[in-house]
Amino acid sequence: MLVLYRRVFGILDGDATLRQLLEGDADDPHIYQTFVQFHSEAALRNKFWVTFNKLSDVADDTEQTQAIREIRLEIHVFGRDTETDRIDQIEDRVRTLLDGVDLASATMLAWFCIQEGPSTRAYEVDQKCWHTVSVYHCKVGDVTRLPA
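Residues numbered from 1 in each chain as written. Predicted model: local features only at pLDDT ≥ 70, side-chain atom pairs only at ≥ 80, totals over all residues. Heavy atoms only, no water.

J.: I tried to follow the overall build of the protein chain on my own but got confused; where do I start?
T.: Looking only at helices and strands, the protein chain features 4 helices and 6 strands. Secondary structure elements of the protein chain occur, N-terminal to C-terminal, as α-α-β-α-β-β-α-β-β-β. At 16 Å, the protein chain has a C-alpha radius of gyration in line with the 15 Å of a compact globule built from 148 residues. If one aligns the C-alpha atoms of the protein chain with their principal axes, the spans along those axes are about 55 × 30 × 25 Å. In the protein chain, the proportion of contacts linking residues at least 24 apart, taken out of those at least 6 apart, comes to 63%. Total accessible area on the protein chain is roughly 7800 Å²; 49% of this is exposed by carbon and sulfur atoms. (Helix = DSSP H or I, 4+ residues; strand = E, 2+ residues; numbered from the N terminus. Rg over C-alpha atoms; globule rule 2.2 N^0.38 Å. Contact = heavy atoms within 4.5 Å. Areas by Shrake-Rupley, 256 points an atom, 1.4 Å probe, with all protein chains shown as cover.)

See the structure below:
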């Protein structure tokens with residue numbers, strides 16, 4: 001659902017603290033709405049970056065519309081560092097920005113967005129990279145697709 005992706009990107013990209021932690025700038029905030037993996041350009045040039053994409057997307061069985069969706073987003077935090085302090089700070093900042101936030105906008109209704117379960121962390125030995133994954137469960141509706 002593009003309206004959700006745009007809203008999440010706007011929230012993350014608009015936060016000066018997160019941008020500073022990621023060492024991003026206006027041209028490349030180091031935030032990507034895609035399932036960026038190590039084969040990507042981001043992995044080649046960034047020390048820290050965040051990606052997000054849907055894990056699942058299902059209609060909530062509301063009669064007469066498919067516009068209301070329950071979407072699970074995966075938020076990935078990557079970092080090339082020997083310590084995990086910066087990764088923890090980035091993950092905490094993303095959680096502060098997204099967990100329980102009101103995602104509603106002029107083009108999207110929103111009922112909730114909450115972190116679902118604990119995040120996971122792993123060190124990718126081949127890539128020499130820390131990688132954390134958090135799942136956020138959101139219920140949203142695309143205003144343009146709702147019946148009149």
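J.: Got a minute to help me understand the packing of aromatic side chains in this structure?
T.: For any pair of aromatic rings, geometry is given as the distance between the ring centres together with the angle between the planes. Enumeration over the complete set of coordinates arrives at 3 aromatic pairs. Residues Trp49 and Phe78 carry aromatic rings whose centres are separated by 5.0 Å and whose planes lie at 15 degrees to one another, so their mutual orientation is stacked. Remark: Phe78 occurs in strand β3 (residues 68-79) and Trp49 occurs in strand β2 (residues 48-59); sequence separation between them is 29 residues. For Trp49, a relative accessible area of 0% gives the class buried. By relative accessible area, Phe78 is classed as buried at 0%. Here Lys139 stacks its cationic end above the ring of Trp111, 5.6 Å away from the centre of that ring. (Phe/Tyr/Trp six-rings, centres within 6.5 Å; stacked < 30°, edge-to-face > 60°. Buried < 20%, exposed > 50% of the residue type's maximum accessible area, 1.4 Å probe, protein only. Lys NZ or Arg CZ within 6 Å of the ring centre and 35° of its normal.)

Read these as spatial facts, not as claims about activity.
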